[in-house]
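Single-letter residue listing:
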Amino acid sequence: MNDMTPTREQREAALEGMGCKRKRVEDVRFTQGKGNYVDDLKLPGMLFGDFVRSPYAHAKVTKIDASKALELPGVIAVLTAEDLKGVNLAWMPTLAGDVQMVLADGKVLYQNQEVAFVIAEDRYIADDAIQLVEVEYEELPVLVDPFKSMDPDAPVLRPDLEGKTEGAHGPRKHHNHIFTWEVGDAEETDRAFKDADVTIKELISYHRTHPSPLETCQCVASMDKVTGELTVWGTFQAPHVIRTVASLLSTIPEHKIHVIAPDIGGGFGNKVGAYPGYICSIVASIVTGRPVKWVEDRMENLSTTSFARDYHMTAEIAAKNDGTVTGLKVHVLADHGGFDACADPSKWPAGFFNIVTGSYDFPTAHLAVDGVYTNKAPGGVAYRCSFRVTEAAYCIERAMDILAQKLGMDPADLRMKNFVKPEQFPYHSALGWEYDSGDYHTAMQKAMDTIGYRQLREEQKAKQEAFKRGETREIMGIGISFFTEIVGAGPSKNCDILGVAMFDSAEIRVHPTGSVISRMGTKSQGQGHETTWAQIIATEIGIPAADIMVEEGNTDTAPYGLGTYGSRSTPVAGAAIALAARKIRNKAQMIAAHMLEVSEYDLEWDVDGFQVKGNPELRKSMKEIAWAAYNAPPPGMEPGLEAVSYYDPPNMTYPFGAYFCVMDIDVDTGVSKIRRFYALDDCGTRINPMIIEGQVHGGLTEGFAIAMGQEIRYDEMGNVMGASFMDFFLPTAVETPHWETDYTVTPSPHHPIGAKGVGESPNVGSVPAFSNAVNDAFGFLGNTHIQMPHDAWRVWQAAKDLGAHG
Amino acid sequence: MIPGEFTYHRPSTVAEAVAILASHGDEARPLAGGHSIIPMMKLRMAAPEHLIDLSGVADLKGIREEGGAIVIGAMTTQHELIASDLLASKLPIIRETSLLIADPQIRYLGTIGGNVANGDPGNDMPALMQCLNASYKVVGPNGEREIAARDFYEAAYFTALAPEELVTAVVIPVPPAGHGFAYEKLKRKVGDYATAAAAVVLTMSGGSVSSCSVALTNVGDTPLYAAEACDILTGSTLDADTVNRAVAAAEAITRPASDGRGPAEYRTKMAGVMLRRALARAAERANG
Ligand SMILES: Cc1cc2nc3c(=O)[nH]c(=O)nc-3n(C[C@H](O)[C@H](O)[C@H](O)COP(=O)(O)OP(=O)(O)OC[C@H]3O[C@@H](n4cnc5c(N)ncnc54)[C@H](O)[C@@H]3O)c2cc1C
């Protein structure tokens, strides 16, 4: 061996494979403003569509007169529900088994609902024309409070469902009731509560918020009337599903529909569903034969396209005096707005909310969720979380703190006492899940030691004394969250979207010179797939990540997949990538054996090629093998080196983490300052630690925003309040706290590379930590529970109600 | 979020600008930094048919000292206010306040003239101008007049300015050297208008207040000059009882809206807290 031969370590480093803090390749274009988003697309003859929207939350639409708008030069057409009826598209099916108006059909159910679609030569004309469309409304009584939705005299929101006592998820018990979803053992749980030493009960609300990606929802639809082909560019987190749904709705054969998701500026669940804007653009393009662009503005995005949360959870825990939990009972009142357009796997009307037993070994539990209609925008999407998991995590983490308070026990100790133990995995939860792996005690202990938990409690006690003596107006809170997520939907045995099983896919093609193009069924919206997918392939087949191109979002070229949301990309597509790569490696091994004239069983894999066991000098690199695969394959073997894999996961994955928040609150203004925030995540195998850190920072910032002020509010008339970034809290670098991140590694036993997914953990895990910190700060003044969001005035109000203002 | 149609004008003198304003009456609006009017136009809450861009009018720029007063041209940006050495030495409260307005990008464009003429109770400069007893130089078809900031604001977006008049400059009497000052603003985040804010300028001698001026931002439909609070504070040693009475007097004149920043009761109380804190900081800074 001469000095120039790279060492094994050097060859490994050159791959930039799994575990490497590889810089994000997509950032080269993003940081130079060279991303290619939907609104960058300009097609010859392109028209613009824009909506006339309802100023009322609940009203009959008695007349739409578009004549003045049509007189404005440059206006091509104005579509209403009557026009859409001609193509059977006035209503569309939702992912949750309901139907939703595309354009107001006789009535409107929420403010800013789409009433008519104006198509014009440019955006300015379209907006001018909107002001000229005359709509007559007859106002109806408005239902805003979900707790009043099932009153006997509550207004009827959905006359289209009149007399329907069965919904998509079982019986409906009221005209505004959507479903009841029940899991667990009610009798056994009642018994646990009867026998309990201590019980707690609290209504814990998770307010309505919004994913608010920086890029709003948008699309360009282009129907080629000659070929009969439809191309739709759009902000789609799940482009293949959009293609299938478009085909089913339009009856255009699926091979003649090309759905393309270019660069996407954030999704967070907002871009999973199908919206009236997509349907209207497609219809408009079919009608006019010209491409039609629709771009939502910020207020439209915040006030109409899929909100998140609005879950009102009554949690009860039964426990023994020593703190051992013996039962959990949860009832949820779920406000779905005017239509049930929740984006969950079809059989899961409340998503995976039955993860609500969290990280604790509850011997028995019972859960019931009631979904109801109100005069608010539809949605209920998973805002950077797996389906309804963030609601569940908030519910149990808040409830455990309340139990600790009632028992007079330290909340960290209570958690430690009740954690599922390492030897119990795979663990079967009382509400039906099989947790794949975990080591909660180690993670919690590491977190407590790093943050100096016991000393912080001492400091807090001293501050409370000083506050009582009148020496300070500041109080201190310590918030703990130990969450378990359930991600990676999902196994076809229980997960599908409108009948499409939730597998995912990867296709890898090695070129003769040893570089690679690979395509997946997922779609990055900022997660960095172009970087991390290449790293998995690099490690698996020994080709440097820099020589691997990753492409997503074009349904003509990418294999069918269910897209990116619910932290499913790494658990599902990540597995497909590893398995496709392994198919390639297996074929490469046969080719190497032929090249080296040995049996393939005499070969072993070594970083970036195969070598003869016991004689490592005799080796073939993947680069050499790739050339041979095309040009000199073994006799009888097909040339080429590529593979496809479709992966149906055997189980979900269960990432977890221990988060601690230390907060100081000025009781006179209600302003809170995050002194420290420590986030320990266990997402199994870590593909790119730098990207993980970035994902965690982003998710924590969202969690901070949600817990501390981000809210979609309605007044009693159903007017949506503050749907702009002036009021909707989007923290800047100035407000965002400093984040401390840490990790443990407990690989998933059923995943080919042991990875669990991390993108959503920090949003799921941090909200309870912030909220628990606020609640903890006021505990010594007698507080049990303060509802979110914890913006300054509400914190001040809590301080006032607890007598802190003297 | 797309404005209606309008005609754009770019005059180079005050006279020209006033002439265009006068010929279009209510249909015309001056355009300064555009950071209040353009968002309103995008929301179609304002739909002027003529926009008169003042950025080509050289006479409206600059900060200078004239007699005992500082004169600031209407088109001086908030960034220029922050960067001015003259203001830093004579009127440091302007810098302190400007730094609490919006963010650097907006401050590069937003002007003092636009901020005081806008008439939005959320703007920070109007209360500060009332606190400093400033007046605005105004030019219209009938010539120039001066209006005291304390008399300028009538209701939200209604001011003493006629539609065909321009604010050309802000004139601020220089407070005595050694004066204490503070602008305390509570806001939800960078770029937010005040939940409540208080401006205080005072002079002390021998441990008691010899003069005092207080004004409040965004707790009514105009900026609020707190005359009674000033009277209570003047002559006092800022003892707890006097401060409590002054705060109560200031809170009593507030009429805040309930909005995303909080209910009216909260905003009134925050005006009080901001005043309390501004007084403490101003007193600490005052010499004498
Ligand atoms: C996100 C954001 C946050 C902000 N936060 C704050 C804040 O915290 N505090 C604050 O004070 N401001 C804030 N602003 C407003 C900002 O300071 C504006 O720049 C300022 O209010 C108006 O100045 P302008 O030069 O931009 O005026 P323009 O928007 O150009 O004009 C405002 C109004 O004044 C009129 N006008 C302008 N100049 C004259 C003149 N010389 N004579 C007569 N009329 C005139 C215009 O016709 C218009 O009606 C914020 C703005 C934004 C976009």
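Calculation rules
- Residues numbered from 1 in each chain as written.
- Chains lettered and ligands numbered in written order.
- Predicted model: local features only at pLDDT ≥ 70, side-chain atom pairs only at ≥ 80, totals over all residues.
- Heavy atoms only, no water.
- Disulfide = S-S within 2.5 Å.
- Buried < 20%, exposed > 50% of the residue type's maximum accessible area, 1.4 Å probe, protein only.
- Pairing = 2+ DSSP bridges.
- Helix = DSSP H or I, 4+ residues; strand = E, 2+ residues; numbered from the N terminus.
- UniProt positions renumbered as here; feature names shortened; annotations may be inferred.
- Contact = heavy atoms within 4.5 Å.
- Buried area = accessible area lost by both parts, 1.4 Å probe.
- Salt bridge = Lys/Arg side-chain N within 4 Å of Asp/Glu carboxyl O.

Description of the state of the cysteines
Okay, step 1: Inspection of the entire model under this criterion finds zero disulfides over all chains.
Okay, step 2: With no disulfide of its own, Cys-495 of chain A has Cys-385 of chain A as its nearest cysteine by sulfur position, at a separation of 14 Å.
Okay, step 3: For Cys-495 of chain A, a relative accessible area of 0% translates into the label buried.
Okay, step 4: For Cys-212 of chain B, which is in no disulfide, the shortest distance to another cysteine sulfur is to Cys-230 of chain B and amounts to 5.0 Å.
Okay, step 5: Take Cys-212 of chain B: its relative accessible area is 12%, and that puts it in the buried class.

Description of the sheet that holds strand β2 (residues 59-65) of chain A
Residues and elements named next belong to chain A.
Okay, step 1: Taken in spatial order, the three strands line up as β6-β2-β8 in an open sheet, and their pairing is antiparallel. Edge positions in the sheet fall to β6 (107-108) and β8 (134-139), since each of these pairs with one other strand and no more.
Okay, step 2: Of the pairings in the sheet, the one linking β2 to β8 comprises six bridges and is antiparallel in character. Bridging from a neighbouring strand, Lys-63 pairs with Glu-136 of β8.

Topic: the UniProt feature "domain: FAD-binding PCMH-type" (unreviewed entry) in chain B
Okay, step 1: Under the feature "domain: FAD-binding PCMH-type" (unreviewed entry), the UniProt entry names residues 1-177 of chain B.
Okay, step 2: The distance separating the terminal C-alpha atoms of residues 1-177 of chain B is 48 Å; by composition the span is 33% helix and 25% strand.

Section: the interface of chain B and chain A
Okay, step 1: With 25 residues of chain B in contact, the opposing surface of chain A contributes 26 residues.
Okay, step 2: Taking both sides of the interface into account, the surface hidden between chain B and chain A amounts to around 2,000 Å²; carbon and sulfur atoms contribute 58%.
Okay, step 3: In terms of surface lost to chain A, no three residues of chain B exceed Ile-2, Lys-189 and Tyr-266 of chain B, which account for 29% of the buried area on that side.
Okay, step 4: Linking chain B with chain A are four salt bridges, by the criterion used here.
Okay, step 5: Notably, a salt bridge pairs Asp-727 of chain A with Arg-188 of chain B, separated by 2.9 Å at the nearest N-O pair.
Okay, step 6: In terms of residues, the side of chain B that touches chain A owes the most to one element, helix α12 (residues 264-285) of chain B, which gives seven residues.

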